[in-house]
2 protein chains.
Amino acid sequence: MPTAQQASTGRRRNPATRAAILATTFDVVAELGYARLTIEKVAARAGVGKQTIYRWWPTKGALVLDAVLERSLGPGEPVDLPDTGDLEEDLTAVLVATVEEFADPAFDRALRGLTAAIIEDPELGQAYRERLDEPMRELKRRRLRRAQEVGQLDVDVDLDLAVDLIFAPVTRRWTERSGDLTPEGVRAIVRHALRGLAGSA
Amino acid sequence: MPTAQQASTGRRRNPATRAAILATTFDVVAELGYARLTIEKVAARAGVGKQTIYRWWPTKGALVLDAVLERSLGPGEPVDLPDTGDLEEDLTAVLVATVEEFADPAFDRALRGLTAAIIEDPELGQAYRERLDEPMRELKRRRLRRAQEVGQLDVDVDLDLAVDLIFAPVTRRWTERSGDLTPEGVRAIVRHALRGLAGSA
């Protein structure tokens, strides 16, 4: 039984309840999109009170961000990007795997919902950058730093520019549903981006 | 006075009414965002009946797309991209001008609203590609084709890939509010993208 203090602050989370709420949120955003998702709907479907959700997630945006994080990262530390020594091959593999995730309609719709929300909500965008984009970006920078060390990438190039040049075209083709997202299409982007970022070595 | 047939089909648009509805729509999406915009609110503020709006725009998405088109393209044909013979300079100028448009908070919010809606709504995305993205993309391809003719761009490179590599990183830095959007930051993207797309001439 929770102590009076735990009950009043409400900070003690039951892991199973938390997991159930996040899984339900993911399903609801995948089904209805972001605009039509409400805390009420998630609460009813997860079989919990609205207040239980509000206690842990102050806004709908915070709830959806956690639901997508839980599904896409899972528990534990994120893993390093592949490093076979062939930079074009490794980055193409990462991007092809990303595109394959979009082939799951539920994941596609949930991530579209979160992406749309981020574009309009600066505060949610900030949380997204800190909790999802920046940890992923650091893995990408780490892989690119190793490429700089072996002369595959210009040592003077800004690594954030490199990440944007390699990854943004694929993201845009996905968000706007325009352009070639086949493995060949993805590889061509990586090849030309890397040519523009190549070291003179 | 309209004939009975005009009144019954309702297809005859009064240009002043149309312009007033679109200007009001732009203001409402800039103020409230896409999710909170309703046809009712636009009708009330524009001083027209809801049915007048529904007769011309079947959905909220169609209305917002037209409002943004009207504001960003204006009347007449879109103009060609600059061609001073210096491709890096010309593309940097285009992208810096784009970023400057985002500095207007009303334009920034309205375009964020439309972009968010497109991500979630495939039908609206299709209309956006046909009516806004594709005409702009054709101007970009035309400028790049001239660069191919004078050996500044690989003649074998796919022009849609070239457009995505040059333009997508700036779009993403804007949508995610991440990364350097100063003229120097934009120029660095253009320079590296063009290096990756350069001809051997």
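Conventions and cut-offs
Residues numbered from 1 in each chain as written. Chains lettered and ligands numbered in written order. Predicted model: local features only at pLDDT ≥ 70, side-chain atom pairs only at ≥ 80, totals over all residues. Heavy atoms only, no water. Phe/Tyr/Trp six-rings, centres within 6.5 Å; stacked < 30°, edge-to-face > 60°. Helix = DSSP H or I, 4+ residues; strand = E, 2+ residues; numbered from the N terminus. Buried < 20%, exposed > 50% of the residue type's maximum accessible area, 1.4 Å probe, protein only. Lys NZ or Arg CZ within 6 Å of the ring centre and 35° of its normal. Bend = angle between axes of the 7 residues up to and from the residue. Polar contact = N/O pair within 3.5 Å; in protein donor to acceptor, adjacent residues only side chain to side chain. Contact = heavy atoms within 4.5 Å. Buried area = accessible area lost by both parts, 1.4 Å probe. Salt bridge = Lys/Arg side-chain N within 4 Å of Asp/Glu carboxyl O. Nonpolar A, V, L, I, M, F, W, Y, C, P; charged D, E, K, R; others polar. Domains from an automatic or database assignment. Expected span 1.5 Å × (residues − 1). Least-squares fit on C-alpha atoms with pLDDT ≥ 70 in both. Axes fitted to C-alpha atoms, helices over the stretch in contact; angles between N-to-C directions. Parallel < 35°, antiparallel > 145°, perpendicular 65-115°, else oblique. Left-handed = near helix turned anticlockwise from the far one by under 90°.

Named according to an unreviewed UniProt entry, chain A is AcrR family transcriptional regulator originating from Promicromonospora iranensis.

Comments concerning the packing of aromatic side chains
Applying the stated criterion across every chain yields a total of six aromatic pairs over all chains. Centroid distance F102(A) to W174(A): 4.2 Å. Interplanar angle 10 degrees. Geometry classified as stacked. Here W174(A) lies in helix α9 (residues 159–175) and F102(A) lies in helix α6 (residues 87–102), a separation of 72 residues in the sequence. A single burial state applies to F102(A) and to W174(A), both of which are buried. Its end group placed over the ring of F26(A), R71(A) keeps NZ or CZ at 3.8 Å from the ring centre. Over the aromatic face of F167(B) sits the side chain of K140(B), whose NZ or CZ is 4.2 Å from the ring centroid.

Considering helix α8 (residues 122–149) of chain B
Residue and element names in this part refer to chain B. Within α8, the axis deviates most sharply at R129, by approximately 45 degrees. Where α8 begins, the capping side chain belongs to D121, and its oxygen is found 3.0 Å from the backbone nitrogen of E123. One or two steps after α8, the chain reaches G151, where phi turns positive at roughly 80 degrees.

Some thoughts on the environment of V79(B)
Residue and element names in this part refer to chain B. Here V79 is to be found in the loop between α5 (60–73) and α6 (87–102). Owing to a relative accessible area of 64%, V79 belongs among the exposed residues under this scheme. Through-space distance from the C-alpha of V79 to that of L139 is 8.0 Å; in sequence the pair is 60 residues apart.

Points about the interface of chain A and chain B
Contact with chain A, which involves 40 residues of that partner, is made by 40 residues of chain B. Together chain A and chain B conceal approximately 3400 Å² of surface at their shared face, both sides included; 53% is due to carbon and sulfur atoms. Looking at the side of chain A facing chain B, the largest losses of area belong to I119(A), E120(A) and R172(A), adding up to 21% of the total buried there. Between the two partners, chain A and chain B, sit six salt bridges. The residue D133(B) makes a salt bridge to R172(A) at a minimum N-O spacing of 3.9 Å. One can count 14 residue pairs in polar contact (both at pLDDT 80 or more) joining chain A with chain B. Within the residue set of the side of chain A that touches chain B, elements represented by two or more residues are α7 (105–120), α8 (122–149), α9 and α10 (183–197) of chain A. Take the side of chain A that touches chain B: its biggest share by element is eleven residues, from α9(A). Counted by class, the side of chain A that touches chain B contains 18 nonpolar, eight polar and 14 charged residues.

Things to note about the domain arrangement of chain A
All names here are of chain A. Under the domain assignment, chain A is made up of domain 1 (4–73) and domain 2 (87–197). For domain 1 and domain 2, the distance between their C-alpha centroids amounts to 28 Å. Across the contact, 17 residues belong to domain 1 and 14 residues belong to domain 2. Here domain 1 and domain 2 share an interface that buries about 1300 Å² over both sides, 75% of which is from carbon and sulfur atoms. A salt bridge links R131 to D66, with the shortest nitrogen-to-oxygen separation between them at 2.6 Å. In this structure, the connection of domain 1 to domain 2 is made through three residue pairs in polar contact (both at pLDDT 80 or more).

A word on α7(A)
Because an α-helix packs 3.6 residues into every turn, residues spaced three or four apart end up facing the same way. All names here are of chain A. End to end, α7 covers 23 Å across 16 residues, agreeing with the expected 22 Å (1.5 Å per residue, within 8%). In terms of residue burial, α7 counts as a mostly covered element, since twelve of its 16 residues are buried. Three or more residues of α7 are buried, namely F107, D108, A110, L111, R112, G113, L114, T115, A116, A117, I118 and I119. Where α7 begins, one side-chain oxygen reaches toward the backbone nitrogen of A106, 3.1 Å away; that side chain belongs to D104.

Some words on the relation of the copies chain A and chain B
One copy of the chain maps onto the second through a rotation around an axis plus a translation along that axis. You can overlay chain A on chain B at an RMSD of 0.0 Å; the transform is a turn of 180 degrees with a shift of 0.0 Å along its axis. Taken together, the turn and the small shift mark the pair as related by a two-fold rotation axis. By C-alpha distance to the rotation axis, the residue of chain A lying nearest is G196(A), at 1.7 Å. The fraction of interface residues of chain A whose copies in chain B are also interface residues reaches 100%, indicating that both copies meet through the same surface.

With respect to unusual backbone geometry
Although it is not a glycine, R177(A) adopts a positive phi angle of roughly 50 degrees. Mapped onto the fold, R177(A) is located in the loop between α9 and α10.

What about the packing of α5(B) against helix α7 (residues 105–120) of chain B?
Residue and element names in this part refer to chain B. Where α5 contacts α7, the axes come no closer than 10 Å and their chain directions differ by 140 degrees. It follows from the interaxial angle that α5 and α7 lie oblique. Note on packing geometry: the crossing formed by α5 with α7 is left-handed. Residues V64, L65, V68, R71 and S72 of α5 touch α7, and the partners they reach there are F107, A110, L111 and L114. In terms of residue class, the contact of α5 with α7 is made up of seven nonpolar, one polar and one charged.

Details of the environment of A43(A)
Residues and elements named next belong to chain A. Here A43 shows up in helix α3 (residues 39–46). Given a relative accessible area of 4%, A43 falls into the buried group. Sequence separation of A43 and I21 is 22 residues, and the distance between their C-alpha atoms is 7.5 Å. Filtering out sequence-adjacent residues up to four positions away, A43 remains in contact with V48, G49, K50 and I53.

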